[in-house]
Structure formats: structure tokens, C-alpha cells
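Residue-level structural notes
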Amino acid sequence: MVINVQNLVKRYGDLVALDHFNLQINEGEIFGLLGPNGSGKTTAINCILSLLKYDKGTVEIFNKPMSPDAYDIKRNIGIVLQNIAVFNELTVYENINYFCGLYIPQKTKRQQLVKEAIDFVGLNDYQKFLPKKLSGGLLRRLNIACGIAHKPKLIILDEPTVAVDPQSRNNILEGIQNLNKDGATIIYTTHYMEEAEHICSRIMIMDNGKAVATGTKEQLKSMINTGEKITVELYQLDNKNLYEIKQIKDVTQADFSENRLTVHFIKGRHNLINLLGYLQNKDIPFGRVYSEPPTLNDVFLEITGKQLRD
Amino acid sequence: MKVFSACLKITKRRATSIIIYLVLFLALSVLLTSISYNNETEQFNETNAKISIINRDTDSLLINGLIDYIKDHSEYIALNDNKQVLQDALFYHSVDYILFIPDGFTDSFHNNGDIKLQKTIVPDSAKGYYADNMINQYLSTAKLYYDTSLNMDEQTIIKNINNDLSYETQVTKKIFGDSAPIDQNFLVYYRMMGYILVVLIILGTSTIMLVFNRPDLRMRNICSPMKLRSINFQLSLSTGTLAFIFYLFLVIFGFAFYGSKLAGADIRIILLLMLNMFVYTIVSLSIGFICGIFIKGANTQNAAANFISLFLSFLGGVLVPLEFIGSNVVAAAHFIPTYWYVSALNKIGSLTNFTWQSLSPAFIDMLIQLGFAAAIFSVALVVSRSRRQSNLSFYGNKTEIA
């Protein structure tokens, strides 16, 4: 096991930031910590890394107790912080070389690793640039390169895609998957459920300092009653028809606005057939039909009663 | 030594403001040295009083001889015998001394009469005493000749009086020791370093500490396997190196600019001045450290550097010599290290021999400076530690709950 956290409690005065938090991460996983802002993700990471004192519990990394002086453990961890932690006065190359140098003292080996990291994040053309000359996306890539250049076994990425354009985000996510393919175990904290769904092999949903659910995305979705959401383009629908649609089996909610009928179902079978069958029977013409399975937001909503992005 | 080399690179990239300060301050110090001292203090000049003579007696040989003598040994100012004119001249210091020769003075002088010379002088003027001496000297000599040289004609007497009084005391400035005295401009330059060193070192130290105390970078460094002690050691080493570079540059600049004036100067005095400045560099480094703990941004950095250095310099006698500062302020100045730097500097500058007895006062001043440095470093450590303990984290980073 790469990380084993047991009953972690962290308090700030009366506020309980982590409430008997447990976490187990296996080698080779991309583990997602998903939760809204303030749910305790970063606090958990900081406690795991011994950056914060905690009140209770144990943290083990690579089956050894983690502490501020556990330099052997730290040597195998790569950190990509939420805030971009680079020196504004050093060039792209110098920044990566500096952070890699904290882990790798041998100059020749380090030069090779820095080169590989630059290749990995695609910053070859920007090696001599100062960070202030880089766009937001390139800065994020530099931040990642600084965290992973020394080829750690465990990489912790704390919201690495905040305020990044979609293209850069895709590049970053692809890069994370490649790091995982190269053998690194990854912890990925985010409040973007699409990202977690896209890359994580297992996900923990956090709220108020607690783990409210853990599992693969399929396991998480199977925990809830919420089923698919079907949207149908319609020219017109009167209130009587809308009322009757709400009476169809397993429908929990139905709305019609802007020529779109949106129907939410609980878990069940033949929901699409039942809905389209009704429209056909009533001779209601319809256009395109969309069916969306439940998302992690639905999981979070059903478990906590809140939206992930609240 | 990644942290050390990064510190030097960072300082190099942010050196512009430091270089601007350096150029400005060096220009300022050169300017101040040129106006604060001139070589007249190394020479001797006879003091001449401005004297006016109002002769209400007849033009006797005695009186003409006296007037000629006074004209030769003072700055003679001709004035009309008018009360208003004479009063104005004294009030506006056009003259220091007005000598009135009353009617019948010559006869009275020869016959031991009661008519005396009269005078009006600027109150409390030292030059009045010089003039009194000069006139008394002339008249005493004249009296002696008139009373004792009965067969001598009056013209010969006057000639003899002038001849006797022409003997002047030759004044030679005595320099103790084998070497020339240290150039005063060089001393003023070193005094100015009491200001410049503090500014530069506060700016340099806080530049490095500002960068490395950024919470995200600090956290990132702490996450690495490099020991915190090693990081702090390399940070200290880099600030120390920077301070030493400043010291070395300023010493070299001093030699480059004032080297030609140091020919024949005692090398031991120059070495002691350098040692004193080195000690003050350590003091400045300690001040830079404590500033680095409190400074949070570039704006406060410049403000703090200027405020602290000016405060220390004005109070410590760098910008205003201690002689011109009130006794209460001087008493308070004992509690700042700059005072002891200037004190040691003055003592070194006036050294004429190098016995332990003459050197020890300067060394004691240097030791007091080192004491200040140790105290300031200790306070910096205590503040740093208490700030860490007051926070919730292992390393003093306040981390948001997220």
C-alpha cells in the first residue's frame, strides 16, 4: 500500500477540518479526491505530507510512518501544489533544475531528468523564458514539471488544472495518465467531477472533512437511486401531457422549457422506451433525444444534498 | 548547494534596484566627503581682527607708528568719526574693534598722564582680545624705549619698536609618528558606509528572504528531502556572501577613489578601518535578517531599508557629526550600533601610536558592535521561532482549510 491513513482528525479551534478521515491508496492507482471547496481535500494532503500537525490518527507512506523528518519517504514523493510554486526570477529550465536538484544531487543525472521533464510537459521552446512570460496553461505545465522531474513513485497533484484553458487541461490530464502508465501512483484532488471521472481509477468524495463515499466511478454511481436524465427536443407540450409524463414509471422530475423536455428517472429499465412510447402514442412530434447517465455530481447531490460546485 | 546558487541567481536578476541605490549612495558619499571637509584644518592661519582707528589726537610719530603697526597686523577698516556710522559697523560686524585715540593722548603717554586709549568692541568677541594684546604690546614696547633710550631720536625709537615687534612665532603643525595622517575624506567615506552598508544589506537580505518566504515556495521546499536546517544554512550563507560582496566592493571603491590621497598613510589605520567596517557589516547583516522576517512586500522593503538606515545614520552620527547633536540624543545614540561604529571610526582616525592602550578603546567599540549583532540575531531567531509556534503547522505555514 502506498498510502494508509487511519482516523485522521484535524481541528482548527472548534472547526473540525478532518473528521476521522481514512484513506488507503494502492500502488499504480490514480486516486481522485473529489469535493467542493472547503471539504478538506487540501488539509488532508497537507496532513499526509506532514505540512500540518494533526490532532489524531496515523499516516503511513510506503508502509513507513510519515513525519516532517521522513526524508527517505519525501525523496519518492512529487508535489504539484494548487498555487504555482515557481521562482519568478528563474527561467523555466532553472526552475525545473532547482526543484529537481532538491531531490537529485548528481548533476549529470539531473540534467537528463530535467530534459525529460521539459519534453514531457512540452516546454522545449520556453526553456529560457521567465515565468512571467508564460501563459496560464504553460505556467501550470511548468508547475507540474517542477513536481515530477525527479521521477517520484508517488505524485500528489492538488487541483493542477484550476484556471486553465480546455486545451491545456486536456494536455495536463493526458500527461497525468502517462505518468501513471510509467509506474507512478497518483493522488489527484479536484472539484471538477468530469476530470475525476475521466482519469481516476478510484475516487473518494469528501464533504465537511469526511469521506462520504469511495470507489470506482461505477461503484459510486451504483450507490445512488438516481438514474438517467433524458432530454427531448419538442415543438410544443401542454400541461396535461407534462402531468402525464410525470406519472410514467420511475420518473422523479419532468420540466418543459425552451422547446426542451427534461425528464429525470430513478434507476430502472426501459426509461427511454417508456418516454418515447408515450410521446408516440400522443402523436407528439419530437426531434433529437439525449440520454445522460448519472454523474458524480448526482452522487454527491444524493449523498449530501448539495451540489459539488456549491 | 541548490538553494545557495538559486539565491545568488535571484539576487542577480533583482539587482537593478540595488545597483541604483549603490550608484546613488556612492555619488552622495563622494559629494558629502567633498563638502564636509577641507584641508584648512591641516594648516595654521593667523587670526586677523577687523580694526578701525579713530584718531582724535595730533599725528605724532608714536600714533602713526601704532596705526601702521595695527594696519600691518590686522584687517584695517577706515571709518568716519560719526557715531551712527561706528555703531552700524559694529552691529553689522563690519569691524570687530574700534580704537579711539583721544585728543592729548601722545602728551599724556610721554608724561605718564591719565588719558588712555578707548575702544568699542563686538561683545564677547575673541578677536577683541587679540587686538588688545597687539596694542598693549606695541605701547609697552614704546614706553620701554621712550623711558630708557634718552639719547635716541623718536624716529629711531619707532624703527626699533617695529623691528622688535617684527619677530613672529613660527607655528609648525606637529605630526606624531612616522606616517602621514589618514586622509580626512577617506575617513568621511568610511563614516558614510555606516549608512550605505545598512541600506544595501537590508535590501539584499530581504530580497532573498522575501522570495524564499513565499508560502507556496516555502511549502514546496519543505516537501523536498532537503533538511530544513540545510535550507536555512544555505540561505544564511547566501545572505552572508552577499553582505561580504557589498563590503568588498565598497572597500575597493574607497581605495579606487581615495587611493591617491592615502600615500604615506599608516597601513595599520587603514586595516583597522576595514576591520571596523567588516564588524559593522556583520551588524548590518543582523539588521537585514530581522527586517527580512517582518518585510512582506517590495514596497515595505524599500520603505523599511530607507527608514531604518536613515534613523540609524542620523542618530548614530553618520550623516550629522556627533558634535552637532544634543547631549540627550547622543546619550540615546549609545543604544544603537551605528554610534559605536562611528565612535570606533573616530578613534581609529585619530590614532598616533599603536600600543594596546591606544588601540583598546576602538576594539571595545567593535566588541560592542558585535554584541549588538549577537543580540539582534538572537531576537531574530526568537521572533522567527515564536512565529512558527504561533502557527498551526509543523513549519509555520498557515494553510487554508480546503
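Every value quoted in this text rests on a predicted model; they were computed, and no experiment measured them.

Reading the values: the criteria
Residues numbered from 1 in each chain as written. Chains lettered and ligands numbered in written order. Predicted model: local features only at pLDDT ≥ 70, side-chain atom pairs only at ≥ 80, totals over all residues. Heavy atoms only, no water. Contact = heavy atoms within 4.5 Å. Buried area = accessible area lost by both parts, 1.4 Å probe. Salt bridge = Lys/Arg side-chain N within 4 Å of Asp/Glu carboxyl O. Helix = DSSP H or I, 4+ residues; strand = E, 2+ residues; numbered from the N terminus. Core = buried A, V, L, I, M, F, W, Y, C linked by side-chain atoms within 4.5 Å. Buried < 20%, exposed > 50% of the residue type's maximum accessible area, 1.4 Å probe, protein only. Pairing = 2+ DSSP bridges. Axes fitted to C-alpha atoms, helices over the stretch in contact; angles between N-to-C directions. Phe/Tyr/Trp six-rings, centres within 6.5 Å; stacked < 30°, edge-to-face > 60°. Lys NZ or Arg CZ within 6 Å of the ring centre and 35° of its normal. Polar contact = N/O pair within 3.5 Å; in protein donor to acceptor, adjacent residues only side chain to side chain. Domains from an automatic or database assignment. 1 Å grid on protein atoms, 1.4 Å probe; cavity = no way out; pocket = protein on both sides within 12 Å on 5 of 7 lines; lining within 4 Å. Points joined across faces, edges and corners; volume = space filled by probe spheres on them. Nonpolar A, V, L, I, M, F, W, Y, C, P; charged D, E, K, R; others polar. Patch = residues over 30% accessible without salt bridge, like charges linked within 9 Å, V, L, I, M, F, W, Y side chains within 5 Å. Areas by Shrake-Rupley, 256 points an atom, 1.4 Å probe, with all protein chains shown as cover. Disulfide = S-S within 2.5 Å.

Listed per partner, the contact involves 30 residues of chain B and 42 residues of chain A. Taken over both partners, the interface formed by chain B and chain A buries close to 3400 Å², and the fraction arising from carbon and sulfur atoms is 65%. Between chain B and chain A we count two salt bridges in total. Glu94 of chain A is the salt-bridge partner of Arg13 of chain B, the closest N and O atoms lying 2.8 Å from each other. Counting residues per element, the ones that place at least two in the side of chain B that touches chain A are helix 1 (2–13), helix 8 (184–212) and helix 9 (215–222) of chain B.

What follows is about the nonpolar core. Counting residues in hydrophobic clusters, the biggest one holds 171 residues, and the most contacted among them are Ile3, Phe21 and Ile96 of chain A together with Tyr190, Phe212 and Leu250 of chain B. Among the elements that line this core, the one with the most residues is helix 8 of chain B, at 20 residues. Beyond its immediate chain neighbours, meaning those up to four positions away, Tyr190 of chain B contacts Val251, Leu273, Met274, Met277, Tyr341 and Leu345 of chain B. Within the second largest apolar cluster, 26 residues are counted, among which are Met134, Leu139, Tyr145 and Ile158 of chain B.

In this section: the sheet that holds strand 8 (residues 185–190) of chain A. One key point about sheets: their strands pair by backbone hydrogen bonds, in either a parallel or an antiparallel sense. Residue and element names in this part refer to chain A. Here six strands make up an open sheet; going across it, the order is 6-7-8-3-9-10 and the pairing mixed. Edge strands, defined here as strands with exactly one partner in the open sheet, are strand 6 (77–80) and strand 10 (210–215). Going from strand to strand, the sheet's axes swing by 15° on average, the running direction of each strand aside. In this sheet, strand 7 (residues 154–158) lies alongside strand 6 in parallel orientation, the contact comprising four bridges. Counted as the bridge partner of Ile77 is Leu154 from strand 7. Sheet strands touched by helix 5 (residues 136–148): strand 6 and strand 7. Its angle to strand 6, the strand with the most contacts, is close to 165°. Where helix 6 (residues 166–181) meets the sheet, its contacts fall on strand 3 (30–34), strand 7 and strand 8, and the angle it forms with strand 8 comes to roughly 155°.

Here we come to the pattern of salt bridges. All names here are of chain A. Per the stated rule, a full pass over the model turns up 20 salt bridges over all chains. Linking Glu233 and Arg288 is a salt bridge whose minimum nitrogen-to-oxygen distance equals 3.6 Å. Residue Glu233 is located in strand 11 (residues 226–234), and its partner Arg288 is located in strand 14 (residues 286–292); the two are separated by 55 residues in the primary sequence. The exposed category is assigned to Arg288, whose relative accessible area is 57%. Among the charged side chains, a network of salt bridges with common partners joins Glu233, Arg260 and Arg288.

For the coordinates displayed, the defined rule picks out 29 aromatic pairs over all chains. Between Phe87 of chain A and Tyr98 of chain A, the ring centres sit 4.9 Å apart and the planes meet at 85°, which makes this aromatic pair edge-to-face. On the criterion of sequence distance, the pair formed by Phe87 of chain A in the loop between strand 6 and helix 3 (92–101) and Tyr98 of chain A in helix 3 is long-range, its members being eleven residues apart. You'll find Phe87 of chain A and Tyr98 of chain A in the same group, each marked buried. Ring plane angle 25° and centroid distance 6.5 Å describe the contact between Phe249 of chain B and Phe253 of chain B, whose orientation is recorded as stacked. One end of the pair, Phe249 of chain B, and the other, Phe253 of chain B, are both in helix 10 (residues 228–258), four residues apart, so they sit about a helical turn from each other. Classification of Phe249 of chain B by relative accessible area gives partly exposed; the value is 38%. By the ring-pair criterion, three or more aromatic residues cluster together here, those being Phe186, Tyr189, Tyr190, Phe249, Phe253, Phe255, Phe257 and Tyr258 of chain B. The ring of Tyr12 of chain A has Lys10 of chain A sitting right over it, with the charged end atom 4.8 Å from the ring centre. We note Lys71 of chain B situated over the ring of Tyr76 of chain B; from NZ or CZ to the ring centre the distance is 4.8 Å.

Residues and elements named next belong to chain A. With respect to the secondary-structure elements, Ile266 resides in strand 13 (residues 260–266). Separated by 190 residues in sequence, Ile266 and Asn76 have C-alpha atoms that sit 45 Å apart. Setting aside anything within four residues of it in sequence, one finds Ile266 in contact with Asn225, Thr226, Gly227, Asp250, Thr252 and Asn271.

Moving on, we get to the environment of Gln301 of chain B. All names here are of chain B. Here Gln301 lies in helix 12 (residues 298–316). For Gln301, a relative accessible area of 5% translates into the label buried. Linking Gln301 and Ile202, residues 99 residues apart in sequence, is a C-alpha distance of 8.1 Å. Separated by 2.9 Å, the side chains of Gln301 and Ser206 make a polar contact. In terms of polar contacts, Gln301 uses its side chain to reach the side chain of Thr207, at 2.8 Å.

On to the domain arrangement of chain A, then. One can read the domain layout of chain A as domain 1 (3–221) and domain 2 (225–293). With centres defined by C-alpha atoms, the gap from domain 1 of chain A to domain 2 of chain A works out at 42 Å.

Considered domain by domain, chain B is made up of domain 1 (2–41 + 187–390) and domain 2 (50–165). Each of domain 1 of chain B and domain 2 of chain B has a C-alpha centre, and the two are 60 Å apart.

Another aspect to go through is the sheet that holds strand 11 of chain A. All names here are of chain A. Taken together, four strands build an open sheet; the order of strands is 12-13-11-14 and the sheet is antiparallel. The sheet terminates laterally at strand 12 (251–257) and strand 14, the two strands that pair on one side only. With direction set aside, neighbouring strand axes in the sheet form an average angle of 15°. Here strand 11 runs beside strand 13; their pairing, made up of six bridges, is antiparallel. Its bridge partner being in strand 13, Thr231 is matched across the sheet by Thr262.

Below, the discussion takes up empty space enclosed by the protein. Per the stated rule, a full pass over the model turns up three cavities of 30 Å³ or more. Quantified by volume, the largest cavity comes out at close to 60 Å³. Contributions of two or more residues to the lining of the largest cavity are made by helix 9 and helix 10 of chain B. The leading source of residues in the lining of the largest cavity is helix 10 of chain B, at four residues. Looking at the lining of the largest cavity residue by residue, the class counts come to five nonpolar, three polar and one charged. Computed from the structure, the second largest cavity encloses a volume of approximately 40 Å³. Contributing to the lining of the second largest cavity are Leu90, Glu94, Asn97 and Tyr98 of chain A together with Lys2, Ser5, Ala6 and Lys9 of chain B. Contributing elements (two or more residues each) for the lining of the second largest cavity: helix 3 of chain A together with helix 1 of chain B. Looking at the lining of the second largest cavity, the element that brings in the most residues is helix 1 of chain B, giving four residues.

Most of helix 9 of chain B is tucked away: seven of the eight residues are buried. Among all positions of helix 9 of chain B, only Asp216, Leu217, Arg218, Met219, Arg220, Asn221 and Ile222 of chain B are buried.

The subject of this paragraph is a nonpolar patch on the surface. Residues and elements named next belong to chain B. Together, Phe244, Leu248, Ile252 and Phe278 line one region of the surface with nonpolar side chains, adding up to about 350 Å² of accessible area. With three residues, the single largest contributor to the nonpolar patch is helix 10. Among the structural elements, Phe244 can be located in helix 10.

Turning our eyes to something else, we now look at the state of the cysteines. All names here are of chain B. Scanning the model with the defined rule gives zero disulfides over all chains in all. The cysteine Cys291 is free of any disulfide, with Cys7 supplying the nearest cysteine sulfur at 18 Å. Of the residues examined, Cys291 reaches a relative accessible area of 7% and is grouped as buried.

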